[in-house]
Amino acid sequence: MRGLRLSAAVMIAAAAACQTTSTPQRDRLDQAQWLKGDLHVHDDHSSDGSLPRQRSKDRAKGNVSIADQIGQAEKQGLDFVPLTDHRTFDQYYDPLWQSSKLLLIPGEEANGAPHATVHGAVDSIVQGVDRKAFAHIQQSIWDAHSQDANWTIAHPDDGETNPDGSMNARASVIGVDLVEIWNKASDVEKEIAYSENRWNAGYRYGVAGASDSHFRELWDRQGPGFPTTSVLAEAKTERGVVDALRAGHTSLSIRPGGPMMTLTANIGGATGVGGDELIAKPGATGRISIRAQHAAGMDVLVYRKPGRSAGAFRTFKPSTDDETFTLDITAGDQPDWYRAEIRGLGIPDPPRGSTDPAPTGKAMLLQAVVSPVFISAAPAIANAELPLPPDTGGDDGAGLRLGAPGAFTGFPNVAMAGGVTHVVAEAHGHGASRIVYSNGGAQQVLSGPAPARFPKVAANGKDVFVVWQEDARQVPHRPQIRMRHSGDGGRTWDAVATVRAIEGRAEHPDIAIIRSGRPVVVWQEIKTGEPFDIMVEQVGADTEPRNLSREGKTFGPGSSDDTRSARYPASVWPAVATDASGWRYAVVWQDNRTDIDPLWTGSEKAAGTNPDNWQIMYAMLDPETVTPSQHSLGADDMADRHPDVAFTPKGDLVIAWETKGLSPAGKNLSVVAARSDDGGATFAAPVTLAPDALAMSQRVRLGLDADGAVRAVWYDSRSADWRWRVMTSVMRDGVWDAGRLISARGNNTWPATAGGAIVFASTRDAARLQRDPTQEVFLLPAK
């Protein structure tokens, strides 16, 4: 099947549907709930996570643990919180990342220049070399969106503007989901000015509030929830919160119990809430309703494009603690927007970074603000000062396998058996994630209503196995490893089986089929007070899984007076493959036990690394192996991560991974591979695949072509138009070719390969570069 091509009219209609709140969508939002959170919170996993660390250049003891910030967020009555530590995902690997009261969202303060907070990604969003203008930032946004994560500009007055307040090159990025219009550690008035400037230029995003909390000493005025970001979520799930953030369905308050406002609008038959873009013909009439709570005696200010430079469009003064104000509106022929805020007397904060007592004088301060509602005759186009290079991709011949315009489908995987190509992926919608499958026919949903993620598939003859993680509770997070089997090539499926369920987190499975026909499943798991380890199980044969990574690992909580003294080396991101006989199999993973201070960026004794000195570890097994030995690959001056493994038909073992220097930003990832011809006892020196000093190369996957050649696929930034594109290289007779960039429209990411076929996620059918979540899964057949 050739690649699906949508007409321009169909794509514009799809984009309008994404931004216009129709009646069914409105009904769902009527049943949604407001959840309180904070989008920017640090702990001592950050390089300057607490006051002692900042004052000592990261050499003093830390005094803000994950548990401290989670406990404070719980105390303030928040519903969700991410831990957004600086350019690291290590906080997620800490056993303290748990709560029975809060919904914890994976988070990071990514990038080095400028900063961005990312919510809902699966690992660090790595910023590479600044090739041209804002290319590295634009690629960061696209990388986050390939995972359906939310990308927020952090404190835009410190990164996106020049000293005179004008926009610098970084302000030209397209596709931002939220902007911190209210960062407690920054200048809120400058941040409002920045956002109004961008909205006037056609940018469409919602507003974010952030305590940017580092210091327990300032919890009373800059702790979690000061200010609070509330989201209108369809479900109290990670996906529900992230979906609401990406839609801009946000409302900000000075504190968890402070004034609160919501905004709804209807015009020309379209209905929406703050953050929505409503499409209405010029001359259409409608109404905006603004609800102000806990704001008696304060000022409700409504602004219309161009914003504060034109003065308030309307002003209201509530006399009770729950009032709704309305104003009539008419659609024009140019893009428009309306926003609202609450101002009231309050005591200003001291200068940024000061721990001095707060001033005593009062001023009219921001108390609450809600995302704008945007009204346009057609979806607005962002008019950047520096335009993006046009998409130069062509037709790669890939065919649509899973997904549809207007929705996100991603993280694909592929297996091939008996001439049938089996594809699985993760599909998002309405606060949920599902596992979907296709063998060339109609799409099938394999998982139930619980949030399900990260599917992998293996096939042998008519037997097909799909494995994934499923997290029904989420408060606390308790993901399980689940599996389904088909004995007729994917036409029908047995009931869902549970491979692993613990009082902890079991995540990121992979699967292979051994000679007995049984599946071997590997995954990473963590329990309270223990580190992440790699588990393996022959399903149907083993009574308990085996721990492959615990031997030789030392761990413990450290001292009570230093939050950075804990030691919990993490073993994560496993992969598994069998040899041609199906008897032997190899498991690989990334591991930081050799780092000077695993999961930290410094200690009293020594400066630490960021990222950690991650190594690639592997174990060779067979069905009779009792205690497999561990082996290590990688370099001590590099971070080696996200490995994959394959066997050649003659039994050579090939391991590939991505690597970068030990610097949090400004260093590119490259893909390397090493080969062993003696069963993993020794390896030849790793070689870089398709080297390019200016390219970012990440998420490599391996597979065998029909002729037995080993194929590597990854996504890569070397395209002249900045888009992520799939890159592939083939090894024959132990030698890798020069590699080939598959030039195709859109951003093409997260590839996998089997039998020479390549499956990947693509945005090629998205109608515009901002506020269109369209990502589908395409299959490029073997040639």
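Please refer to the structure placed before this passage.
What counts, and where the lines are drawn
- Residues numbered from 1 in each chain as written.
- Predicted model: local features only at pLDDT ≥ 70, side-chain atom pairs only at ≥ 80, totals over all residues.
- Heavy atoms only, no water.
- Phe/Tyr/Trp six-rings, centres within 6.5 Å; stacked < 30°, edge-to-face > 60°.
- Helix = DSSP H or I, 4+ residues; strand = E, 2+ residues; numbered from the N terminus.
- Buried < 20%, exposed > 50% of the residue type's maximum accessible area, 1.4 Å probe, protein only.
- Lys NZ or Arg CZ within 6 Å of the ring centre and 35° of its normal.
- 1 Å grid on protein atoms, 1.4 Å probe; cavity = no way out; pocket = protein on both sides within 12 Å on 5 of 7 lines; lining within 4 Å.
- Points joined across faces, edges and corners; volume = space filled by probe spheres on them.
- Nonpolar A, V, L, I, M, F, W, Y, C, P; charged D, E, K, R; others polar.
- Polar contact = N/O pair within 3.5 Å; in protein donor to acceptor, adjacent residues only side chain to side chain.
- Contact = heavy atoms within 4.5 Å.
- Pairing = 2+ DSSP bridges.
- Axes fitted to C-alpha atoms, helices over the stretch in contact; angles between N-to-C directions.

A closer look at the packing of aromatic side chains
Summed over all chains, the structure comprises 21 aromatic pairs. Seen in terms of ring centroids, Y715 and W750 are 6.0 Å apart; in terms of plane orientation they differ by 40 degrees. Their pairing is tilted. Taken as a pair, Y715 in strand β42 (residues 710-716) and W750 in strand β46 (residues 748-754) lie far apart in primary sequence, 35 residues in all. In terms of burial, Y715 and W750 fall into one category: buried. Taken together, F89, Y92, Y93, W97, F532 and W614 form an aromatic cluster joined through their ring pairs. The positively charged end of R314 is found above the aromatic ring belonging to F313, 4.5 Å away from the centroid.

Brief notes about empty space enclosed by the protein
Inspection of every chain in the model, using the stated rule, returns eight cavities of 30 Å³ or more. Put simply, the largest cavity is a space of about 350 Å³. Residue lining of the largest cavity: 18 residues in total, with K456, W573, R699, R701 and W750 positioned closest to the centre. The set of elements that each furnish at least two residues to the lining of the largest cavity consists of β21 (408-417), β25 (452-460), β29 (504-513), β33 (571-578), β37 (638-647), β41 (697-704) and β46. Looking at the lining of the largest cavity, its residues break down into twelve nonpolar, three polar and three charged. Looking at the second largest cavity, its volume works out to about 290 Å³.

Some details on the side chain of R500
Along the polypeptide, R500 turns up in strand β28 (residues 497-500). Here E525 takes part through its side chain, which lies 2.9 Å from a polar atom of the side chain of R500. In contact with R500, other than residues within four places in its own chain, are Q480, I481, A506, W523, E525, K527, M535, E544 and P545.

Re the sheet that holds strand β17 (residues 322-330)
Remark on secondary structure: sheet strands pair via backbone hydrogen bonds, oriented parallel or antiparallel. Across the sheet, four strands lie side by side as β12-β11-β14-β17; this open sheet has antiparallel pairing. Bordering the open sheet on either side are β12 (270-273) and β17, each of which pairs with just one other strand. Neighbour-to-neighbour, the strand axes of the sheet open up by a mean angle of 15 degrees, direction not taken into account.

Overview of the sheet that holds strand β6 (residues 150-153)
Ordered by their spatial adjacency, five strands build an open sheet running β4-β5-β6-β7-β8, and the pairing between neighbours is mixed. Single-partner strands in this sheet number two, and they are β4 (107-110) and β8 (206-210). Averaged over all neighbouring strand pairs, the angle between strand axes comes to 30 degrees, with direction disregarded. Pairing of strand β7 (residues 178-183) with β8, which is carried by five bridges, proceeds in the parallel orientation. Pairing of L178 across the sheet is with G206, part of β8. Against the sheet, helix α6 (residues 188-200) touches β6, β7 and β8, its axis set at about 155 degrees to β7. Strands in contact with helix α8 (residues 238-247) are β5 (116-119), β6 and β7; relative to β6, the strand with the most contacts, it is inclined by about 50 degrees.

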